[in-house]
Every structure is written in C-alpha cells, then in structure tokens.
Amino acid sequence: MRRHRRWLQIIGALLALGIYAGSWHVVGIDPRKLVEPQAARRAQEIFTAFLTPEILIPERGIQRVEAPVRVPCESGNPPEAVEVGEGPRMFLPPCASTGTRIRIRGEGFRPGSELVLRWVFPPSPQLPLGGELLAGRTRTDAAGHFELDVEIRPLLVQEGGARLQAEARWEGRWQISPALTRTLELTLQTIFLALMATTLATGVAVPLSFLAARNLTARGPAGTAIYYLIRTIFNVVRSIEPLVVAAIFATWVGFGPFAGVLALTVATVVNLGKLFSEVIETIDPGPVEAITATGANTLQVIRYAVIPQITLPFLAFIIYHWDINVRISTVVGFVGGGGIGYQLKLWIDQTDYHKAGTAVWAIIAVVSAMDYVSARLREAIR
C-alpha cells in the first residue's frame, strides 16, 4: 500500500512538472529577452522617466522676427536700414553686397534673453530642400535691445534670396507644469467617478441582494426561481471584465467619464450584490424567528430583524468597494472610460513618459490615501 502511494506521488509530480513545462512553452517565457542590451536600455529610460515626473518646469518663451535681404543690391549702393516687425522689431538694410558687413539692430525683445541670428534659405536649385546658416549670436540688454554686425557671405547670392531671422529664447522662473495641473483635474474626476459608480451601484445592489439571499427568498417554487435567476445574473456579469463593459459603454455613449461611471456601476452592482447576499445569509436566525412568531409580515421582519444585523457590514463593503473602484477606474480609462487612466494612455502612446510618470505617481498617492481612509472608516463603523 505504501509502495503504491509512492508511485502515485511520483506520477502526480511528473504530471505537474509536465503541465508546468507545457505552460512555460505555451506562454513563450524567454528570460534571455530580459537581458538584451537594447531592450534593457529602453526599459531603463522609461523607468527613469516614470521616476522623474514632470511637476515643475521653467517658464519658456520665444520671439522671432524675419526680414528678406537681397544680395547684391540692384542699385549698387546699400540703402539705409528699414524697420521690420511688430512688437519685437529689427532694423537692417534690405540689401547688401557679398564680403561686406551690415549692422543689425533690434528692440522690443525680452531683456536679457539669448538671441540667435540665422539665414533662412528657401528651396532653390542650389539648395533643393532649403536650409539655414548661422549668422551670429548675442544677448539683449536690460531694455530688450541688441546690435550685431553680420557678414554677407557668397552663399547668400542665389535664386530666391535669403531671409535673416532673429530668434530670442529664454527660461524664466519655475512654475507648475501643465501636466501636473491636468493630472490633478483628472485625478479629482477619477475619485468622483468612482464615488458616483459606488453610490449608484449600492442603490441597485441592496434590493437585489435580498432576492439573492437563500434564507429570505428561496421559499417555494417562485422564490427559488427568483433566487437562482438573480444568482445566475450575478455570476454571468461578474465573469465579464470591467474593461470590456467600459469599451461597450464608450462605444454607446462616447468616450469620457460617463462611460466609466456606467461600466463601474455594472461591475459594482454584481460584486456588492453577491457580498451583500452572503452577509444576509449569515445573519443570526434567532431574531428573525422571534419577530416572525409575533405575526410580523416579511417587510417587518426585514426591517426589525435583518437590517440591524447587516447595516455595519454593508457600510464596510460599500467603503471598501469605493476604494476598489478608484483603482479600477484608472484601468477603465485606458479604453475610453475617462479619468486619469485615459490621459495616462495618451501620454504613453505619445511616449511622453515624464508626463505619464506624473499620472502614475498621482494614482499611487490617491490609491494609498483611499486605502488609508477606507481602512479607518471601516474600523470606525465596526
């Protein structure tokens, strides 16, 4: 007998090992891919970007003025400088001869900003794709003025001429990034999305849970049929992922938080309905029997014998499921359910991983806070 049991254990171990090996092959596990240099570097870049969210960014600005310059002058003598531009302005002669230097003046630019002068060439036979050539660099003074001498090079003698572009760039004080502002707005939307889904689902799940409780409903053919019908609906709907439900509602009512609320409401109704019904099935039957013996009807029995026993567990489950819905809503957003999840998907698709990191850290903060708050509330109502 002992020998027979040992052989059964060996066969069972070999069978389990064979199943595990087959599973390894079916899912295509390949540890070598984890150490491929190029893939590892790319993963490291993304991970590093997630760890450095875009929270504060320097204020950036740009001013640009362009003016055409003919080379050489048709009249032979270069004319006086003319004014070009509105707001930031540039003063320069409209034409010049090669080998000479012309003085460029400017005003109306941001004080103390770096300024780059470059020649911009349109497409021509010499330059089919056009191009740019650095003309000089300087910095504007405290009044936003600059002066710079620019050499006229032979390359400027071409069909279509060239344009001289003055471009000033600067970085100012640090400010809250638009990504953080957008993240905070959508995070608040996500919290309210989960709140609306939880409250709407609670209003539907409570009455259904009484119909799905065997000790209250499964009495007689009609009650038993209702019990099994509600239980079957719960099991069928619970087997469908909220992502699938969100995709259906996003197609139905359009992308946005409304689709997310509807999807989470459906998922929450069946989950809370099942949990509530199991709480009802575990109540102490003593008070029910005592009140029934007094001749009370079904509603009175539920009011005075059932509800006092289930109120606190129901509240605990509702608070806990709000916490769960905050987490799920971020995933539901990936398929158009609104909230922070949808914006996170857009940033990932656009490879804006620093902005995506901002959303990820916001999700972590909200989920952690919700977990703490829900735990404290559940302790308070016990």
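In what follows, the structure referred to is the one given above.
Just so it is clear, the structure is predicted and the values come from calculations on it, not from any experiment.

So, the state of the cysteines
- Taken as a whole, this structure holds one disulfide when the rule is applied.
- Disulfide pairing places C73 opposite C95 at an S-S distance of 2.0 Å. Here the S-S torsion is close to 105°, and the disulfide linking C73 with C95 is therefore right-handed. A residue pair is termed long-range when its members are at least 10 positions apart, and C73 in the loop between β1 (56-69) and β2 (82-84) and C95 in the loop between β3 (89-92) and β4 (101-107) qualify at 22 residues.

Quick word on the pairing of strand β8 (residues 162-176)
- Bridge analysis of β1 against β8 gives 13 bridges, and the strand direction is antiparallel. Each bridged residue has a counterpart across the sheet, and for A67 the counterpart in β8 is L164.
- Looking at chain direction, strand β5 (residues 114-121) and β8 are connected through seven bridges and run antiparallel. Opposite L115, over in β8, you have A168 as the bridge partner.

Brief notes about the pattern of salt bridges
- Going through the model one piece at a time under the given rule, you end up with 18 salt bridges.
- A salt bridge links R163 to E66; the nearest nitrogen and oxygen atoms lie 3.0 Å apart. One end of the pair, R163, is in strand β8; the other, E66, is in strand β1, with 97 residues separating them in the sequence.
- Take E66: its relative accessible area is 28%, and that puts it in the partly exposed class.
- One salt bridge in this structure joins E147 and R103, with 3.3 Å as the shortest N-O distance. Separated by 44 residues along the polypeptide, E147 in strand β7 (residues 146-151) and R103 in strand β4 bring together distant segments of the chain.
- E147 sits in the partly exposed class, given a relative accessible area of 45%.
- What makes R103 partly exposed here is its relative accessible area of 47%.
- In this structure, a network of salt bridges that share partners links the residues R64, R118, E132, E167 and R169.

Let's talk about the sheet that holds β4
- Spatially, the four strands line up as an open sheet ordered β2-β3-β4-β7, and their pairing is antiparallel. Strands at the two margins of the open sheet, each flanked by one partner only, are β2 and β7. Across the sheet, the mean angle from the axis of one strand to that of its neighbour is 25°, orientation sign disregarded.
- Pairing of β4 with β7 involves six bridges; the strand directions are antiparallel. By the bridge assignment for β7, R101 is matched with E151.

Topic: helix α9 (residues 298-332)
- Across its 35 residues, α9 extends only 40 Å between first and last C-alpha, which sits more than 12% below the 51 Å expected from 1.5 Å per residue.
- I307 marks the point of greatest bend in α9, at about 55°, and the proline P308 comes within the next four residues.
- The N-cap of α9, judged by a side-chain oxygen 3.2 Å from the amide nitrogen of L299 a few residues on, is N297.

A word on the sheet that holds β1
- Strand order in the open sheet formed by four strands is β1-β8-β5-β6, with antiparallel pairing between adjacent strands. The two strands at the open ends of the sheet, each matched to only one other strand, are β1 and β6 (131-139). Direction aside, neighbouring strands of the sheet carry axes that sit 25° apart on average.

Points about the nonpolar core
- Within the largest apolar cluster, 26 residues are counted, with the highest numbers of intra-cluster contacts made by M90, L92, I104, L117, W119 and V150.
- Residue contacts for M90: discarding those within four places in its chain leaves V65, E66, A67, V82, E83, V84, I104, R105, G106, L117, L164 and A166.
- V288, V301, V306 and F314 belong to the second-largest nonpolar core, a separate cluster that totals 16 residues.

Details of empty space enclosed by the protein
- All told, the structure shown has one cavity of 30 Å³ or more when counted by the stated rule.
- In this structure, the largest cavity spans a volume of roughly 40 Å³.
- In terms of lining residues, the largest cavity is bounded by T187, T190, V326, T330, I340, I363 and V366.
- At the level of secondary structure, the elements contributing two or more residues to the lining of the largest cavity comprise α3 (178-211), α9 and α11 (353-381).

Quick look at the environment of E278
- Along the polypeptide, E278 turns up in helix α7 (residues 257-281).
- According to the relative accessible area criterion, E278 is partly exposed, its value standing at 31%.
- Separated by 97 residues in the primary sequence, E278 and T181 place their C-alpha atoms 43 Å from one another.
- A distance of 2.5 Å separates the side chain of E278 from the side chain of K274, its partner in a polar contact.

Section: the packing of helix α8 (residues 285-293) against α9
- Running from amino to carboxyl end, α8 crosses α9 at an angle of 160°, the nearest separation of the two axes being 9 Å. Classed by the angle they form, the pair α8 and α9 counts as roughly antiparallel. The chirality of how α8 crosses α9 is right-handed. Of the residues in α9, those touching α8 at P287, V288, I291 and T292 are Q300, V301, Y304, A305, V306 and Q309.
- A per-class count over the contact of α8 with α9 returns seven nonpolar, three polar and no charged.

Observations concerning the side chain of S209
- Within the fold, S209 resides in helix α3.
- Look at S209 and you get buried, because its relative accessible area is 0%.
- Within polar-contact distance, the side chain of S209 engages the backbone oxygen of V206 at 2.5 Å.
- Dropping the residues within four chain positions of it, S209 is found in contact with G273, F276, S277, I280 and F314.

Calculation rules
Residues numbered from 1 in each chain as written. Predicted model: local features only at pLDDT ≥ 70, side-chain atom pairs only at ≥ 80, totals over all residues. Heavy atoms only, no water. Disulfide = S-S within 2.5 Å. Helix = DSSP H or I, 4+ residues; strand = E, 2+ residues; numbered from the N terminus. Pairing = 2+ DSSP bridges. Salt bridge = Lys/Arg side-chain N within 4 Å of Asp/Glu carboxyl O. Buried < 20%, exposed > 50% of the residue type's maximum accessible area, 1.4 Å probe, protein only. Axes fitted to C-alpha atoms, helices over the stretch in contact; angles between N-to-C directions. Expected span 1.5 Å × (residues − 1). Bend = angle between axes of the 7 residues up to and from the residue. Polar contact = N/O pair within 3.5 Å; in protein donor to acceptor, adjacent residues only side chain to side chain. Core = buried A, V, L, I, M, F, W, Y, C linked by side-chain atoms within 4.5 Å. Contact = heavy atoms within 4.5 Å. 1 Å grid on protein atoms, 1.4 Å probe; cavity = no way out; pocket = protein on both sides within 12 Å on 5 of 7 lines; lining within 4 Å. Points joined across faces, edges and corners; volume = space filled by probe spheres on them. Parallel < 35°, antiparallel > 145°, perpendicular 65-115°, else oblique. Left-handed = near helix turned anticlockwise from the far one by under 90°. Nonpolar A, V, L, I, M, F, W, Y, C, P; charged D, E, K, R; others polar.

Purely spatial values, then, with no claim about function.
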